[in-house]
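Remarks on the overall topology
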Protein chains: 2
Amino acid sequence: MKALLIGTKNEHKLREIRDILLRVPLVLQALPASVPEVVEDAPTLEGNAVLKACGYAKATGQPCLAEDTGLEVDALDGAPGVHTARYAGPDADAAANRRKLLAALDGVPLPRRTARFRCVAALARPSGELIATVEGVLEGRIALAERGAGGFGYDPLFLPTGPHDERTLAELSDDEKNAISHRGRAVAALRPKLLESI
Amino acid sequence: MKALLIGTKNEHKLREIRDILLRVPLVLQALPASVPEVVEDAPTLEGNAVLKACGYAKATGQPCLAEDTGLEVDALDGAPGVHTARYAGPDADAAANRRKLLAALDGVPLPRRTARFRCVAALARPSGELIATVEGVLEGRIALAERGAGGFGYDPLFLPTGPHDERTLAELSDDEKNAISHRGRAVAALRPKLLESI
């Protein structure tokens, strides 16, 4: 295991940095294949996140974290939004969704291709009762063409605002993406609730 | 250990959420008492963070993370800034610093008491060579009086902007503070570099 010296004589700072770098351990379990998929038909990201967290918690009798993510493109009045995963149709794959997005933005110059990923994460008790929802947002722009082999979904088209703004999310390492992403922020914001509540 | 179900059928999301919640393990070491304290006489937070990270790394032959934090109060033209730790004098304790800050802001109403904590974290190789610096910022306001028993330094006076803005940092749990704080953001942003470089 890697070793790192924390260069401070301040005991408070030392403890905080320890807590930040070394998270409390959790056993994470994937959804069993036998559990039927929750239908995500709520009109909002929050609604869908809650449907999944509460539905899967109740179905399995376990605390459950679920999320729903939307891409909001300003030049498209916030579309695809809650329809992000099925933008190009109910059975469309990510490549078809990206093609439809590029076509919809044809001719729009980069400065006007502002957009954001919005992720709502929800946490539910084994009874199906909702504990909390949190939101994480990542601002950026839609690139003029796909770039990068990492990530998934719309990542090859998303240029995050900030120090990485010349690379798409699909060109960042997993750690770089998770440190700044909508999902990283939402899930990290849920962690305190999670450690208190489950 | 606590168990949590991740309610998604999407393998990519499952992996990201796992990565976000379960960080790569690291052994963190406190600064040995025998190492002489680095003199923090740089004119900037970044300069002091680099002095400490590089100085302590070289002194111990270990990779080192160090940080320097400043509180910038708009009504005081950015003071105490780089002098945050020694605002009330070279040997002042945190309580004396807080008293001086409250006195300096006497009569300034809450909406004009905007401020931010700025943390610069630096990472150095065992040779003393700098790997990276990152910055984390937490916007907020200076409360009219101290509140809360948690945290340290100016935390009982700092009302962070956002969902917790009616509580001071000293009234948040450690996890709530670390999820939003300047130090939490800076150290989390350094994690990818850290895992790549040491």
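Quick caveat, the model's predicted, so the values are computed rather than measured.

**Focus on the overall build of chain A**
For chain A, the count of helices and strands is 5 helices and 7 strands. In chain A, the succession of helices and strands from N to C terminus is β-α-β-α-β-β-α-β-β-β-α-α. Relative to its full complement of 198 residues, chain A shows a buried share of 50%. Across chain A, contacts joining residues at least 24 apart in sequence account for 54% of those joining residues at least 6 apart. Surface accessibility of chain A: about 8700 Å² in total, with carbon and sulfur atoms responsible for 52%.

**Some words on the pairing of strand β6 (residues 130-142) of chain B**
Residue and element names in this part refer to chain B. In this structure, strand β5 (residues 114-124) lies alongside β6, joined through 11 bridges in antiparallel fashion. For Ala121, the partnering residue across the bridge sits in β6 and is Val134. Counted between consecutive antiparallel strands, the loop separating β5 from β6 contains 5 residues, among which Gly128 sits at a positive phi close to 100 degrees. Here β6 runs beside strand β7 (residues 158-160); their pairing, made up of 3 bridges, is antiparallel. Considered in β7, the bridge of Arg141 is made with Leu159.

**A look at helix α1 (residues 11-21) of chain B**
All names here are of chain B. Buried residues of α1: Lys13, Leu14, Glu16, Ile17, Ile20 and Leu21, and no others. Down the axis of α1, the buried set is contained in an arc of 165 degrees. They therefore lie on one face. Backbone nitrogen of His12 and a side-chain oxygen of the N-cap are separated by 2.8 Å at the start of α1; the cap is Asn10.

**Points about the relation of the copies chain A and chain B**
Note on the identical chains: chain A maps onto chain B by a rotation of 180 degrees and an axial translation of 0.0 Å, with an RMSD of 0.0 Å. What we have between these two chains is a two-fold relation. Of the residues that chain A buries at the interface, 100% are likewise interface residues in chain B, meaning the two copies contact each other through the same surface.

**Some thoughts on the packing of aromatic side chains**
Residue and element names in this part refer to chain A. What the rule picks out here adds up to 2 aromatic pairs over all chains. Measuring from centroid to centroid gives 4.6 Å for Phe117 and Phe158, while their planes differ by 45 degrees, and the two rings are tilted. You can see Phe117 sitting in strand β5 (residues 114-124) and its partner Phe158 sitting in strand β7 (residues 158-160), a full 41 residues away along the chain. The residues Phe117 and Phe158 share a single accessibility class, namely buried. Over the aromatic face of Tyr87 sits the side chain of Lys100, whose NZ or CZ is 4.5 Å from the ring centroid.

**Observations concerning empty space enclosed by the protein**
Following the criterion strictly, the structure yields 3 cavities of 30 Å³ or more and no others. The computed volume of the largest cavity comes to approximately 90 Å³. For the largest cavity, the full set of lining residues is His12, Arg15, Glu16 and Asp19 of chain A together with Gly151, Phe152, Leu169, Leu172, Ser173, Asp174, Lys177 and Asn178 of chain B. The dominant element in the lining of the largest cavity, judged by the number of residues it contributes, is helix α1 (residues 11-21) of chain A, at 4 residues. Each residue belonging to the lining of the largest cavity can be placed in one class, and the counts come to 3 nonpolar, 4 polar and 5 charged.

**A short note on the interface of chain A and chain B**
How big an interface is tends to be stated in terms of the accessible area lost upon association of its parts. Across the boundary between the two partners, chain A contributes 63 residues, which contact 63 residues of chain B. Between chain A and chain B lies a buried interface of about 6400 Å² when both sides are counted; carbon and sulfur atoms form 62% of it. Our count for the chain A to chain B interface comes out at 8 salt bridges. The residue Lys13 of chain A makes a salt bridge to Glu67 of chain B at a minimum N-O spacing of 2.6 Å. Counting the contacts that link chain A with chain B gives 20 residue pairs in polar contact (both at pLDDT 80 or more). Residue assignment for the side of chain A that touches chain B shows that the elements contributing at least two residues are β1 (2-6), α1, β2 (26-30), α2 (45-60), β3 (64-73), α4 (174-180) and α5 (182-197) of chain A. The leading source of residues in the side of chain A that touches chain B is α1 of chain A, at 10 residues. By residue class, the composition of the side of chain A that touches chain B is 33 nonpolar, 12 polar and 18 charged.

**Points about the confidence of the model for chain A**
As a general rule, the predicted coordinates of low-pLDDT regions are not to be interpreted in detail. Per-residue confidence for chain A averages 90 on the pLDDT scale, and 95% of its residues sit at or above 70. Confidence metrics for the complex model read pTM 0.55 and ipTM 0.75.

**A closer look at the side chain of Asn48 of chain B**
Examined against the element boundaries, Asn48 of chain B turns out to sit in helix α2 (residues 45-60). Not counting residues within four places of it along the chain, the set of residues in contact with Asn48 of chain B comprises Glu40, Asp41, Ala42, Asp68 and Val82 of chain B.

**A closer look at the side chain of Glu67 of chain B**
You can see Glu67 of chain B is positioned in strand β3 (residues 64-73). At a separation of 2.6 Å, a polar atom in the side chain of Glu67 of chain B contacts the side chain of Thr69 of chain B. Of the polar contacts made by the side chain of Glu67 of chain B, one reaches the side chain of Arg183 of chain B; its length is 3.2 Å. In this structure Glu67 of chain B touches Lys13 and Ile17 of chain A together with Ala49, Lys52, Cys119, Val120, Ala121 and Arg183 of chain B, once residues within four positions along its chain are discounted.

**Structural notes on unusual backbone geometry**
Residue and element names in this part refer to chain A. The peptide bond linking Ala79 to Pro80 adopts the cis configuration, its omega dihedral lying at -5 degrees. Its place among the elements puts Pro80 in strand β4 (residues 80-81). Even without being a glycine, Asp77 presents a positive backbone phi close to 55 degrees.

**Some details on the state of the cysteines**
All names here are of chain B. Summed over all chains, the structure comprises 0 disulfides over all chains. Unpaired in terms of disulfides, Cys54 finds its nearest cysteine sulfur in Cys64, a separation of 8.6 Å. A relative accessible area of 14% places Cys54 in the buried class.

Conventions and cut-offs
- Residues numbered from 1 in each chain as written.
- Chains lettered and ligands numbered in written order.
- Predicted model: local features only at pLDDT ≥ 70, side-chain atom pairs only at ≥ 80, totals over all residues.
- Heavy atoms only, no water.
- Helix = DSSP H or I, 4+ residues; strand = E, 2+ residues; numbered from the N terminus.
- Buried < 20%, exposed > 50% of the residue type's maximum accessible area, 1.4 Å probe, protein only.
- Contact = heavy atoms within 4.5 Å.
- Areas by Shrake-Rupley, 256 points an atom, 1.4 Å probe, with all protein chains shown as cover.
- Pairing = 2+ DSSP bridges.
- Arc of directions from axis to C-beta.
- Polar contact = N/O pair within 3.5 Å; in protein donor to acceptor, adjacent residues only side chain to side chain.
- Least-squares fit on C-alpha atoms with pLDDT ≥ 70 in both.
- Phe/Tyr/Trp six-rings, centres within 6.5 Å; stacked < 30°, edge-to-face > 60°.
- Lys NZ or Arg CZ within 6 Å of the ring centre and 35° of its normal.
- 1 Å grid on protein atoms, 1.4 Å probe; cavity = no way out; pocket = protein on both sides within 12 Å on 5 of 7 lines; lining within 4 Å.
- Points joined across faces, edges and corners; volume = space filled by probe spheres on them.
- Nonpolar A, V, L, I, M, F, W, Y, C, P; charged D, E, K, R; others polar.
- Buried area = accessible area lost by both parts, 1.4 Å probe.
- Salt bridge = Lys/Arg side-chain N within 4 Å of Asp/Glu carboxyl O.
- pLDDT = per-residue confidence, 0-100.
- Disulfide = S-S within 2.5 Å.

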